[in-house]
Amino acid sequence: MDSTASTSAEQPPVWTVERIRALGAVTDVVTVGEIFGMSRSSAYELARRDRLPVPVLRVGSRYRVSVAAILTALGVPSEPPPPAT
């Protein structure tokens, strides 16, 4: 077996504050689930029941979540701190 081949057993990527901010203004439920350590199906089930740890916006048949709300739920300011002078 090729040791460089990707497998589903690989660890998921680490979600840093910078990586979350880089998502833009909104993201999808699957990404929210990854950030909070839940499976895709669990994230959708919680979104349908309005039980995710963040408010969910329904846009047509899609769910969207504010990145600022994710950061707030994590206890992180939604705006990055100003650069040190």
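Rules of the game
Residues numbered from 1 in each chain as written. Predicted model: local features only at pLDDT ≥ 70, side-chain atom pairs only at ≥ 80, totals over all residues. Heavy atoms only, no water. Patch = residues over 30% accessible without salt bridge, like charges linked within 9 Å, V, L, I, M, F, W, Y side chains within 5 Å. Areas by Shrake-Rupley, 256 points an atom, 1.4 Å probe, with all protein chains shown as cover. Salt bridge = Lys/Arg side-chain N within 4 Å of Asp/Glu carboxyl O. Helix = DSSP H or I, 4+ residues; strand = E, 2+ residues; numbered from the N terminus. Contact = heavy atoms within 4.5 Å. Pairing = 2+ DSSP bridges.

## Some remarks on a nonpolar patch on the surface
On the surface, Val 26, Leu 57 and Val 59 cluster together to form a nonpolar patch covering roughly 250 Å² of accessible area. With respect to the secondary-structure elements, Leu 57 resides in strand β2 (residues 57–59).

## Focus: the side chain of Thr 27
Mapped onto the fold, Thr 27 is located in strand β1 (residues 26–27). Leaving out residues up to four positions away in the same chain, Thr 27 has contacts with Val 32, Tyr 63, Arg 64, Val 65, Val 67 and Ile 70.

## Considerations on the sheet that holds β2
Consider a sheet: its strands pair through backbone hydrogen bonds, and that pairing is either parallel or antiparallel. Read from one edge to the other, the open sheet built from three strands follows the order β1-β3-β2, with strand pairing classed as antiparallel. Each edge of the open sheet is held by one strand with a lone partner, namely β1 and β2. Inspection of the sheet shows β1 paired to strand β3 (residues 62–66) by two bridges, in the antiparallel sense. Within β3, the position partnered with Val 26 by the bridge is Ser 66.

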